[in-house]
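Now for the letters of each chain:
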Amino acid sequence: MDYSSSYTPPRVWSGIKDNGGRFASINRPTAGPTHDKELPVGRHPLQLYSLGTPNGVKVTVMLEELLAAGHTGAEYDAWLIRIQDGDQFGSGFVSANPNSKIPALVDRSGATPIRVFESGAILMYLAEKFGSFLPLDGPKRAECLSWLFWQMGSAPFLGGGFGHFYAYAPTKIEYAIDRYAMEVKRQLDVLDRRLAESPYLAGDEYTVADMAVWPWYGTLVKGQLYEAGEFLQVQAYTHVLRWTNQIAQRPAVQRGRMVNRTMGAPSSQLHERHDAGDFDTKTQDKLAAPL
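**Student:** Would you mind showing me how to read the overall build of the protein chain here?
**Tutor:** The number of helices and strands found in the protein chain is 11 helices and four strands. Taken over C-alpha atoms, the radius of gyration comes to 20 Å for the protein chain, in line with the 19 Å a tight globule of 291 residues would show. Along the longest, intermediate and shortest principal axes, the C-alpha atoms of the protein chain span 60 × 50 × 45 Å. Looking at the protein chain residue by residue over its 291 residues, the buried ones come to 47%. As displayed, the protein chain has an accessible area near 14800 Å², and 54% of this comes from carbon and sulfur atoms. Measuring between centres, the 29 positive side-chain charges of the protein chain sit 2 Å from its 31 negative side-chain charges.

**Student:** Please clarify how the pairing of strand β2 (residues 76–80) should be interpreted in this entry.
**Tutor:** Buried residues dominate β2, accounting for five of its five residues. Here β2 shows a buried face lined by Y76, A78 and L80 and a second buried face lined by D77 and W79. For the crossover that starts at strand β1 (residues 46–50), traverses helix α1 (residues 54–68) and ends in the parallel β2, the hand is right-handed.

**Student:** Can you walk me through the pattern of salt bridges in this structure?
**Tutor:** When their charged atoms lie close together, side chains carrying opposite charge are able to pair. Across all of its chains, the model carries 15 salt bridges by this definition. The closest approach of N and O atoms between R141 and E128, which form a salt bridge, is 2.9 Å. Here the residue R141 occupies a position in helix α4 (residues 138–168), and E128 occupies one in helix α3 (residues 119–130), the gap between them amounting to 13 residues. A relative accessible area of 48% means that E128 is categorised as partly exposed. Here E183 and R186 are joined by a salt bridge, their closest N and O atoms 2.9 Å apart. Remark: R186 and E183 occur in helix α5 (residues 174–197); sequence separation between them is three residues, near one turn of the helix. Through salt bridges with shared partners, a single ionic network connects E64, E75, R255 and R273.

**Student:** Even after reading the chapter, I still don't get the environment of D107, so can you show me in this structure?
**Tutor:** Secondary-structure assignment places D107 in strand β3 (residues 104–107). In the structure, D107 is positioned 59 residues away from L48 in sequence and 8.7 Å away in space, judged by C-alpha atoms. Engagement of the side chain of D107 in a polar contact is seen with the side chain of S109, the distance being 2.6 Å.

**Student:** When you look at the nonpolar core in this model, what are you seeing that I'm missing?
**Tutor:** Here is a general trend for soluble globular proteins: nonpolar side chains tend to be buried in one another's company. Counting 64 residues, the largest nonpolar core has M62, L126, L158, V208 and W243 as its most contacted members. Top contributing element to this core by residue count: helix α6 (residues 208–221), with 10 residues. Setting aside its immediate chain neighbours within four residues, V208 contacts M62, L123, A127, F133, L134, C144 and L148. The next biggest cluster of nonpolar side chains, apart from the first, holds 13 residues, and it includes L51, W79, A96 and I102.

**Student:** Before we go on, may I ask you to explain the sheet that holds β1 in this structure?
**Tutor:** Pairing between the strands of a sheet is mediated by backbone hydrogen bonds and can be parallel or antiparallel. Pairing is mixed in the open sheet, where four strands are placed in the order β2-β1-β3-β4. The open sheet terminates on both sides in strands that have one partner only, identified here as β2 and β4 (114–117). On average, each strand axis in the sheet is tilted by 20° relative to the strand beside it, whichever way the strands run. Two strands pair when backbone bridges link them, and β1 and β3 are joined in this way by four bridges, in the antiparallel orientation. When the bridges of β3 are listed, L48 appears paired with L105. Each of β1, β3 and β4 is contacted by α3, which is oriented at about 130° to β4, the strand it contacts most.

**Student:** How do you make sense of α5 when you look at a structure like this?
**Tutor:** Within an α-helix, residues lying three or four positions from one another point in the same direction, as the helix has 3.6 residues per turn. Relative to the 34 Å expected for 24 residues at 1.5 Å per residue, α5 spans 35 Å between its end C-alpha atoms, a close match to the ideal helical length. Looking at α5, one finds that the buried residues are A176, I177, A181, E183, V184, Q187, L188, L191, D192, R194 and L195. Residues of α5 that are buried in the fold lie against α4, α6, α7 (229–232) and α8 (238–248).

**Student:** Explanation requested: the packing of aromatic side chains in the structure shown.
**Tutor:** What describes a pair of aromatic rings is the distance from one ring centre to the other and the angle between the planes of the rings. Applying the stated criterion across every chain yields a total of 11 aromatic pairs. Taking the centre distance of 5.8 Å and the plane angle of 55° together, the rings of Y200 and Y206 count as tilted. Each of the two residues, Y200 as well as Y206, counts as buried. Aromatic rings pair up to connect F162, Y166, Y168, Y226 and F231 into one cluster.

Calculation criteria
Residues numbered from 1 in each chain as written. Predicted model: local features only at pLDDT ≥ 70, side-chain atom pairs only at ≥ 80, totals over all residues. Heavy atoms only, no water. Helix = DSSP H or I, 4+ residues; strand = E, 2+ residues; numbered from the N terminus. Rg over C-alpha atoms; globule rule 2.2 N^0.38 Å. Buried < 20%, exposed > 50% of the residue type's maximum accessible area, 1.4 Å probe, protein only. Areas by Shrake-Rupley, 256 points an atom, 1.4 Å probe, with all protein chains shown as cover. Lys, Arg positive; Asp, Glu negative; His and termini not counted. Charge placed at Lys NZ, Arg CZ, Asp CG, Glu CD. Right-handed = clockwise from strand over helix to strand, strands pointing away. Salt bridge = Lys/Arg side-chain N within 4 Å of Asp/Glu carboxyl O. Polar contact = N/O pair within 3.5 Å; in protein donor to acceptor, adjacent residues only side chain to side chain. Core = buried A, V, L, I, M, F, W, Y, C linked by side-chain atoms within 4.5 Å. Contact = heavy atoms within 4.5 Å. Pairing = 2+ DSSP bridges. Axes fitted to C-alpha atoms, helices over the stretch in contact; angles between N-to-C directions. Expected span 1.5 Å × (residues − 1). Phe/Tyr/Trp six-rings, centres within 6.5 Å; stacked < 30°, edge-to-face > 60°.

Dropping the structure here:
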């Protein structure tokens, strides 16, 4: 197959002249805030600043699972960060996460607020804080952490690689799509082989590893991510499908997937979450309903 191109990289990169694509307006080669804007603070110990993307869903699922398990200290306020509007470049958000990516968590339960950023770090922090969903046994803990960090290292190939070039790039580049499709299918095969021998990624127990992987790869094999189900032939990964369907039935997962969500049916969108009762009264269909 001919992948030839007339492009030759310059000796020094000087920026993109016509930065197209879905996220062109927020991409830039520098860090730091672009404007002053403090973050809101609610009444609960945990303050989450996020968006209902796969990385955001990891954390809201974890928080809802902790609450379902009886950890009342896991009550939280979830504030919507609209990345298309550049909320992540406000001074308050950059203070919470210097990388300007969602999600960011601030734990105000102690005398000094603690910031935690990167979704995997947030999952580990919460698991250790509440003693749940992360095994204490050495071998089981090692297996769980291995799959958690597998996800952190693998998902950029799925999202930033395959997802970008297949769904968002202004030009369809065959080489890039082929390269990342091959890697995503390899990753799905890794998961499928593991889940053929184990009900969950870390073994018999549902853990933070499942919470981290499910929003990305579970959604993908359901054909709900990048509209790429047919292209990737996701139905072939039967063990991943069994696993994702099992997790999707969990009430806490269903709630967590609604928080900070801004797409899909209005009844599935809870833009901000400040109380458990918000799921019944403040989804977008109810807020938009006539009085």
